[in-house]
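Secondary and tertiary structure notes
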Amino acid sequence: MTKALIITAPGINCDVELEEAFQLAGATTFRSHINQLMDEPSIIDEADLIGLPGGFSYGDSVAAGRIMAQLMRQTMYEQFVSALKRGVPMIAPCNGFQIAVQLGLLPGPTPGQGWSETPSEPTVSLAQNNSARFIDRWVGIDVPQDTRCIWTKGLETTEQSALIPIAHGEGRFVPKDEELLRQLDVDGQIACRYLPSDNPNGSVGDVMGICDSSGLVLGLMPHPERFLRWSQHPYWTRLSKESRSGDPLGLQMFKNAVAYVNNKSAEKETVHT
Amino acid sequence: MPVFRIEIAPQPTAADPAGQAALHQAEVAGIHPLPREVKTTAIYLLEGDIDEAGVNTIAQSLLHDPVTQTHFEGTRSSKADATIEIHPLPGVMDPAGQAVELAIEKLLGEEVRVQTGVRYDFYGIDATDAAKIAHRCLANTVVHGIHNEPYHPDEFPSGHSHDMSVPEVPIIGLSDDELERMSRESHLFLDLEEMQTIQSYYKEIGRNPKEIELETLAQTWSEHCVHKTLKATIHYSGPNAENRPHHELHDDGTHTIHNLLKSTVAAATFELIDEGIDWCLSVFVDNAGIIKFDDEHAVCFKAETHNHPSALEPYGGAATGIGGCIRDIMGTGLSARPIAATDVFCVAEFENEAPQGCLQSRRILGEVVRGVRDYGNRMGIPTLNGSVWFDNNYAGNPLVFCGCVGVMPIDKIEGDPEHGDRIIAIGGRTGRDGIHGATFSSAELTDTHADEFSHAVQIGNAITEKQALDAILEARDAEEGCLFRAITDCGAGGFSSAIGEMGEKIGATVNLEHAPLKYAGLTPSEIWISEAQERMVLAVPQSNVAALQAICDKHGAEMCDLGEFGTEGAELVLKYDGDTVGQISMSFLHDGLPGTTRIALWSPEASSHNGEDKVNIEALLPKLLAHPNIASKQSIIQQYDHEVQGRSVVRPLVGPLGDAPSDAAVVTPVRGSSRGLAIGSGLATGLSSDPYIMATAAIDECVRNIVCVGGDPETTAILDNFCWPSANDEASLGRLVRCAHGCYDAAKAYRTPFISGKDSLNNQFTKDDGETIYIPPTLLVSGFSIVEDIEQCVTMDAKQSGNKLLLIGTTTDSCGGSHALMVEPSMECNTSLPQVSFEEGPANAKAVHNAIKCGLIQSAHDLSEGGLLVSLAEMAFGGGLGISVSIDGLSDTMLVSETPSRYLLEVAPEDVGAVQELMNSVHCVEIGEVNDSDELRVNEYSWNCDTLRSCWLEGMVI
């Protein structure tokens, strides 16, 4: 059975719905608190999937995700890299995204390059919203055709279902320079974008989420784990029963990842036999 | 030890949203002259045994973001015209500083003390004008120090130590005058009779009280903790008191009411339970009221006010308000999981000039919202229902109501400590903060309170509370069974009330020196009564202490063993380093309070009718929609994470554009279950000139809101929160009795039991010139109700062109207290107050619910502030559609009258017959239909929906 690891910490508060998302997608889940992981990082080796939930880790003191990321850089970066080498998909919504970019997992090495031994310096940042305010609302989502991201590739959406909820105060995507943004685009590492007409936080290039060059690690500001049922859609009471059939956008992402893991192990099987 | 200073600033080319926000705040506050630009810098002051290199590492690896920020060790010079720095005052909580201390310890193994601050560089204004902005918009001198140059102290102030002995207070032999002076000067806020009772008790046992005992009595007997006014014996003369429970009629027609609460609010509940309501599981006894949700789960609800702290320091006051209410849920039964929060604020209009010693209304509301946002969002609890009421009599004493809903296993709804259980505290450390909060909140505010009571104000740390919550729920659900036998929160009165209440029947022995402290130097009395936030007290069998400790360690939640429950003769024994510093019998502490007797008078005002029915309806509607009570609350709601936990089914904002005002919220307490919980509220302060009518209207509105989203009026439980200007004079107390009568009658008529409540009876402000501002009598009714299947939920936004509109309920021309009159005082109309009909109200609610349950309703919206016109407009622009109605027999003022118990229903043409069938017992008229136009047309009047929408969206923006 495919096992998803949910990492919790003081102030992490989207862990339960993230766990539910993996379960609805067909995985089993196990949770581990950062205080356990710091003593025993090898727990990560047991995971087929990893979720870094949203929330306010350590109160987002200094900056969103900063303290948690620093603790992880020091104690478990290695285990994350070996998990990626094993082909473990990871999702990091909201605070998870803020942590992943500072932990050195995103955007990660350019295609063809290997992971560095030690965590690299962050090259992108999730800065304070241009409104300087926390904002919770639903926004349109656009997935680039050529994305490498195994989570967002091939999502089936309609105009009414291509929506996803955001809830953050520090989500303004800022790359260290224009060149990096161009490269991420060219390399298919842009996993999803805001609609240019509806960019809620001033993100450069309308970037909503990015993946590493393997497409396994998805970091994004919105919360796909909050769109697993049609009754979570912002105006579902206006939608006919018919248009509320099929998997909602959020659930599709998690099913993509679980399917990826299952196919991978299926291939292994066939190789062995 | 040296103090190092680190500055973290945005890179020269990077944006500075915080700076722009500061500029914007100054602008909306109407400050002149305005700076050309404001730049912000985060300041970290580090004190510890570290060197330059260590400081550089900390700045590099922990404090700055290489992509967008620069760091500087020391003080950067700048070309700014003025520089202001804002730092927390000594002793004020600095959660960010605490988090950095923890991180440095974990990362570098160094023990360093950290304080954070913000540097503002102003361009284009001088130091004096910059200071003005700091005072008006950026800092509150109750908790902040404002420095007009970069702040780099030589050392951190450390807790000044006190004499640890607990003095005896000579009370035996004091005269009445001396007793009263003692009560006032040591902030006991006890009246003479209560002081005399204490005096004679100690005379009897032959000694004077220890200071700590007196403090314990003062807060246990405070209005805030025992609600002595609502429980008092009241001699009431006024109408409509006949044949009520515990109302003793006298020959002169007056009544003696034995315990007002028991005779009204509680009486309604217990009578309803006798009449067969079987889903109330715990009422009035626990930290929150509990009802049955399904066979395995119960849900609980509590609402509180945090008015006085919020008046002095709105940010900290509101944050600790929601934090305390969440702890009530954590401390209900054997702990519930908080799943939703609600908030209602009452403030003065933004244009109102703030009295001396008060903050501007816009500032208060902005800070209150920030406080609820920062605490609720960090706790991961969706804030998804609320409202704001504007009235200039709230200028000196704003009201901040915070509510919280929780879910728990149905077999964990109660627990009691047993002899020998350990007294375990989990969560925050104890400091000098919040001392005298209980007695302070029972006092009246004056213009000098900001100085006198700043120690009652606190800054909370949501993460500390979240860690405690995570640990407690894990301990509750432990495989070997719940690890504790009872739990409660430290609220007003701190350990004193928490342990005092838990040990009421069996006594307790407390070793005060075991409490972890924020800083050295707290006296035993201070430890005992401190109201420092984020602390829970549990009764834990000795055999489970180790397992609980392991769980707390995992979550990084601090836990300590304060002593043992159970003593010979049920006493409260307080020890410090082995010496007994206080000893009171629980029976005197909890039952010694003398019952008071009060006089209450009520005489109705004659209702009037000012001339013809005349008003310019076309001009009125846009003004109504822009009235701050009615206007969109989007700028508040979107700052709250109202979707965390993924339970939200009906949100505070609905419609295709996500900006239409929902009547209530619906969440799913149990994952995977299609059973929902509707959460709503009612507030009818406009009718406060007759609190009986106000109370019945508030309950009617709460039920209406819940019904409109699919809630079942038959399983609706409600809460009462009284906020009164005072309860000392006969007229004011008369209004309170009148209001309580309304609560009883409406709760009985609607069959909605009260399950919990709270009151705050001293909400007045005495200005420097001696004039006192009294708040309007205010009653918040909060409610929740079962939604059998969330598929049945409906929202208020118009759905589809061609659908018909039905108006349920009769409309009267009574416009007293209506928003139309607030907007157009010259309006000629019937100015009597609209009355709730106990026949129509419950019948309408039931009929509408049935129609919704049958899936016949496309959208439902109740008629409240602004009456029919406002509801029609909201439905139309909420759904991005037009509406056209024509109604015979309604005069113009009846289009904006606020008659209760009315609903607007949108029904598909083919279902109209079936709905009318279901409505045959109530007043139901088809008034028009939804169309594709961008126009609202009512009889001969019409408006452009987009124009109406903008008036509504722009009416109230923070």
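The structure contained in this document is the topic of the report that follows. (Residues numbered from 1 in each chain as written. Chains lettered and ligands numbered in written order. Predicted model: local features only at pLDDT ≥ 70, side-chain atom pairs only at ≥ 80, totals over all residues. Heavy atoms only, no water.)

What to know about the sheet that holds strand β4 (residues 90-93) of chain A
Residue and element names in this part refer to chain A. Taking strand neighbours across the sheet as the criterion, the 9 strands line up as β2-β1-β3-β4-β11-β10-β9-β6-β7 in an open arrangement whose pairing is mixed. A strand with exactly one partner marks an edge of an open sheet, and here the two such strands are β2 (28-33) and β7 (163-168). On average, adjacent strands in this sheet sit at an angle of 25° to one another, irrespective of strand direction. Relative to strand β10 (residues 207-211), strand β9 (residues 190-194) is paired through 3 bridges, and the arrangement is antiparallel. Directly across from Ile-190, in β10, lies its bridge partner Ile-210. (Pairing = 2+ DSSP bridges. Helix = DSSP H or I, 4+ residues; strand = E, 2+ residues; numbered from the N terminus. Axes fitted to C-alpha atoms, helices over the stretch in contact; angles between N-to-C directions.)

A look at the interface of chain A and chain B
Counting residues at the interface gives 56 residues for chain A, matched by 63 residues for chain B. Regarding the contact of chain A and chain B, the summed buried area is about 4,600 Å², with carbon and sulfur atoms giving 53% of it. When the area that chain A buries against chain B is broken down by residue, the three leading residues are Arg-133, Asp-136 and Arg-238 of chain A, summing to 14%. If you look at where chain A meets chain B, you find 5 salt bridges. Run the count over chain A and chain B and you get 30 residue pairs in polar contact (both at pLDDT 80 or more). Here the element with the most residues in the side of chain A that touches chain B is helix α3 (residues 66-75) of chain A; it accounts for 5 residues. Here the residues of the side of chain A that touches chain B are counted per class, giving 24 nonpolar, 18 polar and 14 charged. (Contact = heavy atoms within 4.5 Å. Buried area = accessible area lost by both parts, 1.4 Å probe. Salt bridge = Lys/Arg side-chain N within 4 Å of Asp/Glu carboxyl O. Polar contact = N/O pair within 3.5 Å; in protein donor to acceptor, adjacent residues only side chain to side chain. Nonpolar A, V, L, I, M, F, W, Y, C, P; charged D, E, K, R; others polar.)

A short note on the packing of helix α24 (residues 691-708) of chain B against helix α27 (residues 840-853) of chain B
All names here are of chain B. Axis separation between α24 and α27 bottoms out at 9 Å; the angle between their running directions is 10°. With respect to α27, the element α24 is oriented roughly parallel. On α27, the residues touching Asp-700, Val-703, Val-707 and Cys-708 of α24 are Gly-841, Ala-845, Val-848, His-849 and Ile-852. Here the residues of the contact of α24 with α27 sort into 6 nonpolar, 2 polar and 1 charged. (Parallel < 35°, antiparallel > 145°, perpendicular 65-115°, else oblique.)

As for the nonpolar core
In this structure, Phe-22, Ile-50, Phe-80 and Phe-254 of chain A together with Leu-46 of chain B are the most contacted members of the largest nonpolar core, which totals 107 residues. Take this core: its biggest share by element is 7 residues, from helix α7 (residues 249-272) of chain A. Setting aside anything within four residues of it in sequence, one finds Phe-254 of chain A in contact with Leu-18, Ala-21, Phe-22, Ala-25, Ile-91, Trp-151, Pro-224, Glu-225 and Leu-228 of chain A. Residues Ala-684, Val-737, Ile-808 and Ile-857 of chain B belong to the second largest nonpolar core, which totals 77 residues. (Core = buried A, V, L, I, M, F, W, Y, C linked by side-chain atoms within 4.5 Å. Buried < 20%, exposed > 50% of the residue type's maximum accessible area, 1.4 Å probe, protein only.)

Concerning the side chain of Thr-668 of chain B
Residue and element names in this part refer to chain B. By the element assignment, Thr-668 lies in the loop between β29 (665-667) and β30 (676-683). A relative accessible area of 11% places Thr-668 in the buried class. With residues near it in sequence (within four places) discarded, Thr-668 still touches Arg-647, Val-649, Ser-673, Arg-675 and Ile-790.

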